[in-house]
Amino acid sequence: MIGEGIKSTNQRKHSYVQDRVEVGFFTDPSVCIGCKACEVACKEWNQVPDDGFTWSGNSYDNTGHLGASTWRHVMFLEQDRQKGNQVTGPMGLGNADSEDPFRWVFLSDVCKHCEEAGCLEACPTGSIVRTEVGSVLVQNDVCNGCGYCVVSCPFGVIDRRPEPLHDAGGAFKCTFCYDRQKSGLVPACAKVCPTESIVFGRLDDLRVRASERVKHLQQSGYSDAQLYDPTETSVRGIHAFFLILGEPEAYGLPPRPQVPTIYLKSAWMSAFATAIASIIATLLAFAFFS
Amino acid sequence: MTGNTPSEKRLEELREQAWKDGVVPGKGVDVAGGPIPHKPGYYGQAVVKPPVWTWQVPLYFFFGGIAGMSAVLASGAVLFHHVDLARAAMWIAAIAGAILSPILLIMDLGRPRLFLNMLRVFKHRSAMSMGAWILSLFGACVVPGLVALELHSHHILAGTLGQLIRIAAGLLIFGSAIFGTLLATYTGVLLGATAIPAWFLHRTLLPIHFGTAGLGSAAGLLELLGHRISALNVIGFYAAAVESALLIWLSVNKHGAADRAIHEHGTGWLIRIGEILNGPLAIVLRFFGLVPFAAIAFLLGALVSRVGWIMVGKVSGSDPEAVFASQR
Amino acid sequence: MAEAHPVGFRWVMKAKERGATIIHVDPRFSRTSALADIWVPMRAGGDIAFLGGLVRHIIENNLFFRDYVVPFTNASCILREDFRDTEEGATGFFSGWNERERTYDKKTWAYHGDGGLSFPERDLTLQHPRCVFQTLRRHFVRYTPEMVEKICGISPALFHKVADALVAASGPDKTAAICYALGWTQHSKGVQIIRTASILQLLLGNIGRPGGGIMALRGHASIQGSTDIPTLYDILPGYISMPKGDGTEETLRDYLAHQTKPTGLWNNYPNYFISLLKAYYGKNATAENDFGYNWVPKITGNHSFFEYLYDMADGKMEGMFMMGQNPAVAAANSRFQRTSLSKLKWLVVREMVEIEAATFWRSDAPEIERGELKTEDIETEVFLFPAAGHAEKEGAFTQTQRMLQWRQKAVDPPGDARSEGWFMHQLALRLIAKAKQSNDTLDEPLRALDWWYPEDELGEPQMESVLAEINGWSTNPQPGADGVVFGGVDREGNSHHGPQVDGFGKLKADGSTASGCWIYSGVLGPDKINKANSRNSKNYLGHGWGFVWPADRRIIYNRASAKPTGEPWSERKKLVWWDPAQRKWDGIDVPDFVPDKSPEFRPSGNESGLDAIPGDAPFMLHEDGLGWLYVPSGLQDGPMPTHYEPLESPVKNALYSRDTNPVVNWFTRQENRFAPPGDTRFPFVLTTYRLTEHHTAGGMSRFLSHLAELQPELFAEMSPELAVELKIKNGDYISIVSLRGAIESRALVSRRMRPVHLNGKTVHQIAMPFHFGTAGPVKGGSTNDLVPISGEPNVTIMEAKALACNIVPGRLPRGPAYEEWIKKYIPQGGPPNLHPEQPPPGASPGPEAGGHGQHGKTDSR
Ligand SMILES: Nc1nc2c(c(=O)[nH]1)N[C@H]1C(S)=C(S)[C@@H](COP(=O)(O)OP(=O)(O)OC[C@H]3O[C@@H](n4cnc5c(=O)[nH]c(N)nc54)[C@H](O)[C@@H]3O)O[C@H]1N2
Ligand SMILES: Nc1nc2c(c(=O)[nH]1)N[C@H]1C(S)=C(S)[C@@H](COP(=O)(O)OP(=O)(O)OC[C@H]3O[C@@H](n4cnc5c(=O)[nH]c(N)nc54)[C@H](O)[C@@H]3O)O[C@H]1N2
Ligand code: SF4
Ligand code: SF4
Ligand code: SF4
Ligand code: SF4
Ligand code: SF4
Ligand SMILES: [Mo]
């Protein structure tokens, strides 16, 4: 609950790493005020370089998307829908001279720390590992920048950092503040979130809390509130999951993400077939046409 | 940095125009709802990340394919006593597979100095890891294989030692052949098992295409080097035939927005040209006995389509609607 | 609030989660609106009409909290026969207007009868035609929902939604709070907007009760502190008035006679003032020399920031110290600010980064770029000192709730960077030393200063020693006695002060006590505990965390949380109450009342001080102890709020023949012209605001890449309707022009901006942040180049929230080409007073503001 102070799981010290407890993020746009403190705290703590001063014209979002130098990204959606029972001036008043409804939604996006992580599976160097708390971690000193994780993430999160930025060439993404967690600290982004839109805590607790929250919101007028946690696809759920208002597409989230490893079987099959066919063709050719 | 719409470049034009005549017609920035989207997606941002790979990768695919399949041809050649052909093939395999390919692969890394980390782990669920091992093992067979073959064919060693060399050469060449086929085909798996719609939707086609393109290229290259035997010509026919079949398959098996990168824009053309060069055109040229031209056409086609598929990945990966379409 | 006070806003969100209804009144749909239950868009500058409409709604429909209003407020007080309201003839003038002086003679605004402010005649039935209640009723009777729509563009449907929500949330077991900031203050009538809110809250019984009140969301981290211990020209610490130099306050006696109120808390004025003088001059302040009253500077006029800016421009000002300020970007008419700075001989800037105010002479400054000024012609010598940031020094911040919170030093400042404390301290030591050499009488005040503060190894004065002096102590040294801090000795080790005093109640006018700021007294008392530094709250009011002046009272006027008879209005909203057994006031909060004054107590009429306050009159700071629905004394522009149009407005005043606030200071000057009402050359309303991502002039954000990248460019928010009308597309470059100048920005088109429809006329509003300038990694035009200087009559704040502008699609030409371009859009030459109600140059500027004093404790930063 907002303003619990140091009692909140977002503030108090913990020993999840030592106790090997699965942790996660539950992010809730219905209380996010779009202050971007999470974005800034992340960059400050992790010393992520700024990646350019470009004004986008996309509402208040000048960050754009997650990437090698953006591990938290606050989205700003301007939609012609109503948020709960909100009254927004002349818009959506529902009377004669009423205009189309309007709402402004903020959501803080982050690496999903997938149950089945495409990036982790794809990594040929073993640079990407699963930590004690179930998060997915890139070991910067091992990564050789092959770039395969980039195309293997179904959420387009991880990316290779381009020159001339500091530490270029390697792949980067949210570390779930593993360094902080090891010493019992809360991830920087959750720590600074003024309204606890980002909730950090035990994965099992969060899942309960989230489903209750969705119920509560739906009862209080947010008819399009739903959880975004693809448990039914091959990704088998994400540890940083979201409550969203409306469709996943609007947030640039894939509606049914799949971990690419499910494509391996059929691909290898046709590879072997091709291999064998080539050998046979060659032998036959030499056998009958020499 | 935001890869957003309107792009900075587009805005520069708009400003100039706005400054000139006060009005800016045309698409790119949308006044009427302001930033309210009319398409699904978040300000047109990519949902998955396009590949970061540059020119080295298609070249690697090209040479890897030639190298791998040359080893296959080499083994065929030794079996049926075309020693010179075998030697030429093994030379190609070694140069393309044990020198060019690794160099290209390393050049493509973000941190080349750490390329050895590729062999830190063996992960059968990572095509990239498998590829690294396949390439290494191929190299481990093809180089000694070539040496053994040369020693044998120049009768430098006699007696039992000569016999042993002969057997070793045989085994190593067959070894190279086995890893060679994988080297030529795994690249298809590499692209097929990703989150890029246009790639994973054609994951069964890609290995066939890359492998066969490799075979045809290897044969063509040998022919250009003067080895004009009918076996190679037949293989040339076979490869071109398969590629023509794939061309048809590709044009039949469409997925709408999900794989439009293959059929639309520049990337579409790259794929088409590539397939036509090493499919129908190659057949026709061979049919009229213009073997060298057929070989050249096929090699060109193989290269163009490799480039094509990487470009397709970039386009498809940057296209949010492709991702959404592929999941509906 | 979500935008500018994001961390504080968490409590609003918590309230919302617990069922509170959040209403946001703002021309823009901001991050706050996005989280509110009701967003009420309005035309900038319409707030008095809107709030007045609510007042009318509550009075006419008998929805006010009668049991609270009748005893606790001055609703029942009878006014003079000769008082005339703005309504009579709808002139917009109250009685007492003096056209030549452009001020009011406020005699007629007082209470009827000879009880003065202290013992007014009252009619508790509220029937008397001249009682405040009836007068107020008549004053607002024309502020109907239809009128609100005409002026603000708020539909009656929406108006009633708000009214119903507000009324539903008020009563014996409910309270509603109002938060405001610059959306209300930065207007030519800012103080009166807040007054209207006070009227509303008093009528609803929402003052002095938990969950009620009116909260000013303040600005810079300790801006509240900088009015308590002022950085203002017209007051001394603790809202003590600056002595006047006009002869009326020549002697201490005159001054005290003038300032001391017969009744109420301010009756103790001498205790506070003499103790302040003792803090200034220590032993040198004696009864014989009037405690050094003659050493205190006297003010000779309005020395507000803008006044001395004009002196600067006219070369009447030699030099200037600039600490923690960047007027070249943040001050109204920043273009004029920059050119004025170039007239200085010397300028000391203490900064953490090289801001525009220190680089106005350089090639990247617009004036230089445009060739209006030449670097080689500028004689100003700029001294840029490295300043220590807030994490690099210790001290106390006083926040919005009047709470002092101590701040530890995290790291030593880098290199030569030092705190303001260090700078002032070292400067003082050197000046005092010099003064001691001279025998010039002008140096006497310096010689007399009691500069005792101990230092740390960096030469920084020990901040707790300053806090100790602020709290106050007994002036006669008692070495070793308990309650003595810092050994009771000065820098030389001579005995200096006695035990700490325990709250301002202990301060005396006989020189036996000293206190640097009476309202803070109690923060570091005899227990020697720095309460600003205490960090464990014991209850939901946070007692035990920090120190809230006065006397750690969390909710001021909290006597109002109990019925006249002394028991709480309701169990749910109980805060303080009268304990008949103990015969004293008790409660969760520190009672804001004379501890043992029974609710039944009634004064006879000849008491003085607090003894004159009845047992059921919670507002002790006022002579009559009542909450003032009507302000009989203290305001320059009228006893009741009246809707005037902004100085620059697209429309005429729908309520009165007078358009603008009569007593406003226009600061008329060629460089500072105003557009007349409905000027078609400037058809759009411009309002300015801040972004969460930046801080004011940007010194603390534009220079930090992690913040700068979040909002890298200046933009103007506009509705799609306006964009289409002007053929502007989202992201285009546009130029915004006002009579002061022009700047370039990007167009951010969004439905978060809505056109308003006023009486059939469609008015478009645009909104721009003001964080950008020409220094640092991200650059942009300074919005304040468009904003005129003006002075609200009570506190001299500029109208930065409602102006007139024009929009020209396309980029603004740079360099000399600008001159040609601007000529096309703003008239050259002509008189400086283009607005019909604007006085010509040389006319009286209007009243001397000075409203920061004990009367209108108002500050707008
Ligand atoms: N992130 C951040 N926080 C800050 C600051 C900062 O620069 N950045 N500055 C600090 C300082 S110094 C201060 S003083 C405070 C100021 O805090 P705020 O007063 O909240 O800041 P503003 O954005 O200037 O104004 C608030 C709102 O008033 C609206 N407004 C404009 N005109 C009108 C009007 O006529 N009526 C009404 N009802 N609303 C109107 C604006 O659209 C804006 O949304 O913030 C402090 N906090
Ligand atoms: N159009 C328009 N104009 C406005 C406003 C508006 O809403 N609209 N808001 C007005 C308001 S409310 C305010 S408060 C002003 C603010 O206007 P200013 O106070 O002039 O602007 P700031 O950027 O806050 O200046 C503070 C400077 O102090 C520096 N600084 C920070 N800490 C320290 C320190 O410890 N020591 C020293 N020496 N320097 C330090 C910072 O780097 C910064 O440059 O702007 C006003 N101007
Ligand atoms: S810090 Fe919290 S409230 Fe602020 S943007 Fe991030 S998630 Fe939203
Ligand atoms: S979201 Fe992408 S980067 Fe993050 S864990 Fe899943 S696959 Fe890896
Ligand atoms: S880029 Fe680095 S992290 Fe990503 S797959 Fe390659 S080695 Fe692993
Ligand atoms: S968990 Fe740490 S790394 Fe991940 S987004 Fe939050 S702050 Fe950044
Ligand atoms: S900057 Fe300080 S005062 Fe302002 S919101 Fe943040 S914490 Fe509160
Ligand atoms: Mo401020």
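A brief report on the enclosed structure follows. If you're wondering where the values come from, they're calculated on a predicted model, not measured in any experiment.

1. Quick word on the overall build of chain C
Step number 1: Counting its secondary structure elements, chain C contains 22 helices and 26 strands.
Step number 2: Along the first, second and third principal axes, the C-alpha atoms of chain C reach 75 × 70 × 55 Å.
Step number 3: Every one of the 861 residues in chain C was classed for burial, and the buried ones make up 61%.
Step number 4: Of the roughly 30700 Å² of accessible surface on chain C, a fraction of 54% belongs to carbon and sulfur atoms.
Step number 5: For chain C, the separation between the mean place of its 92 positive charges and that of its 102 negative charges on side chains is 4 Å.

2. What about the sheet that holds strand S11 (residues 240-245) of chain A?
Residue and element names in this part refer to chain A.
Step number 1: In space, the four strands of this open sheet follow the order S9-S1-S11-S10, with mixed pairing throughout. Each edge of the open sheet is held by one strand with a lone partner, namely strand S9 (198-202) and strand S10 (225-228). For this sheet the average axis-to-axis angle between neighbouring strands, irrespective of direction, equals 20 degrees.
Step number 2: Pairing of strand S1 (residues 23-27) with S9, which is carried by five bridges, proceeds in the antiparallel orientation. Bridged to Phe25 within S9 is Phe200.
Step number 3: The strands touched by helix H7 (residues 203-219) within the sheet are S1, S9, S10 and S11, with S9 carrying the most contacts at an inclination of about 140 degrees.

3. Some points on the environment of C:Lys538
Step number 1: Relative to the assigned elements, C:Lys538 resides in the loop between strand S15 (513-514) and strand S16 (547-548).
Step number 2: With near-sequence residues (within four places) excluded, C:Lys538 lies in contact with C:His543 and C:Gly544.

4. Re a nonpolar patch on the surface
All names here are of chain A.
Step number 1: The grouping of Met269, Phe272, Ile276, Ile280, Leu284, Phe288 and Phe289 at the surface amounts to a nonpolar patch, some 730 Å² of accessible area in total.
Step number 2: By the element assignment, Met269 lies in helix H8 (residues 264-289).
Step number 3: For Met269, a relative accessible area of 51% corresponds to the exposed category.

5. A look at the site of ligand 1
All names here are of chain C.
Step number 1: Near ligand 1 you find 29 residues, and of these Asp26, Leu182, Arg690, His694 and Thr696 are the closest.
Step number 2: Take Leu691: an N or O atom from its main chain is 3.3 Å from a nitrogen atom of ligand 1.
Step number 3: Looking at the shell around ligand 1, the elements with two or more residues in it are helix H8 (182-185) and strand S19 (684-689).
Step number 4: Tallying contributions element by element places H8 first for the shell around ligand 1, with three residues.
Step number 5: Split by residue class, the shell around ligand 1 holds nine nonpolar, twelve polar and eight charged.

6. Describing the packing of helix H3 (residues 47-60) of chain C against helix H5 (residues 132-140) of chain C
All names here are of chain C.
Step number 1: The contact between H3 and H5 brings their axes to 9 Å, and the two run at 125 degrees. Compared by their axis directions, H3 and H5 come out oblique. Crossing of H3 over H5 shows left-handed handedness. Two secondary-structure elements touch here, H3 through Gly52, Val55, Arg56, Ile59 and Glu60 and H5 through Phe133, Leu136, Arg137 and Phe140.
Step number 2: Along the lines of polarity and charge, the residues of the contact of H3 with H5 split into five nonpolar, one polar and three charged.

Reading the values: rules and limits
- All chains use their own residue numbering, which begins from 1 and follows the written sequence.
- Starting at A for chains and at 1 for ligands, labels are handed out in the order in which the entities are written.
- The model is predicted, so local features are restricted to residues of pLDDT at least 70 and side-chain atom pairs to those at 80 or more, both for listing and for counting; the totals for chains, interfaces and linings are taken over all residues.
- Excluded from the side-chain calculations are hydrogens and water; all other atoms, namely the structure's heavy atoms, are used.
- By definition, any uninterrupted DSSP run of H or I lasting at least four residues is a helix, any uninterrupted run of E lasting at least two residues is a strand, and each is numbered from the N terminus.
- Burial here depends on accessible area, computed with a 1.4 Å probe over protein chains only, as a share of the maximum for the residue type. Under 20% is buried, over 50% is exposed, and the range in between is partly exposed.
- To measure how exposed things are, a 1.4 Å probe is used in the Shrake-Rupley method; for residues, cover is taken only from the protein chains shown.
- By the counting rule applied here, Lys and Arg register as positive and Asp and Glu as negative, while His and the ends of each chain are not counted.
- Just so you know, the charge point we use is NZ for Lys, CZ for Arg, CG for Asp and CD for Glu.
- Here, a strand pair is defined by DSSP locating no fewer than two bridges between the strands.
- Geometry is summarised by axes, namely lines fitted to C-alpha atoms with helices restricted to the contacting stretch, and by angles between N-to-C directions that run from 0 to 180 degrees.
- Contacts were defined at the residue level, with two residues in contact if any of their heavy atoms lie within 4.5 Å.
- Nonpolar side chains (Val, Leu, Ile, Met, Phe, Trp, Tyr) are joined into patches within 5 Å and like charges within 9 Å, using only residues with over 30% relative accessible area and no salt bridge.
- Between Lys or Arg on one side and Asp or Glu on the other, a salt bridge is scored when a side-chain nitrogen of the former is within 4 Å of a carboxyl oxygen of the latter.
- Only heavy atoms are used to decide nearness, and a residue is near a molecule or strand if one of them lies within 4 Å of it.
- Residues adjacent in sequence count toward polar contacts only when both atoms are side-chain atoms; beyond that, a polar contact is any pair of N or O atoms within 3.5 Å, and within protein one must be able to donate a hydrogen and the other to accept it.
- Only Asp, Glu, Lys and Arg are considered charged in this grouping, and only Ala, Val, Leu, Ile, Met, Phe, Trp, Tyr, Cys and Pro are considered nonpolar; every other residue, Gly among them, is considered polar.
- Here roughly perpendicular refers to angles of 65 to 115 degrees, roughly parallel to angles under 35, roughly antiparallel to angles over 145, and oblique to all remaining angles.
- Should the near helix be turned anticlockwise from the far one by less than a right angle, the crossing is left-handed, and should it be turned clockwise, the crossing is right-handed.

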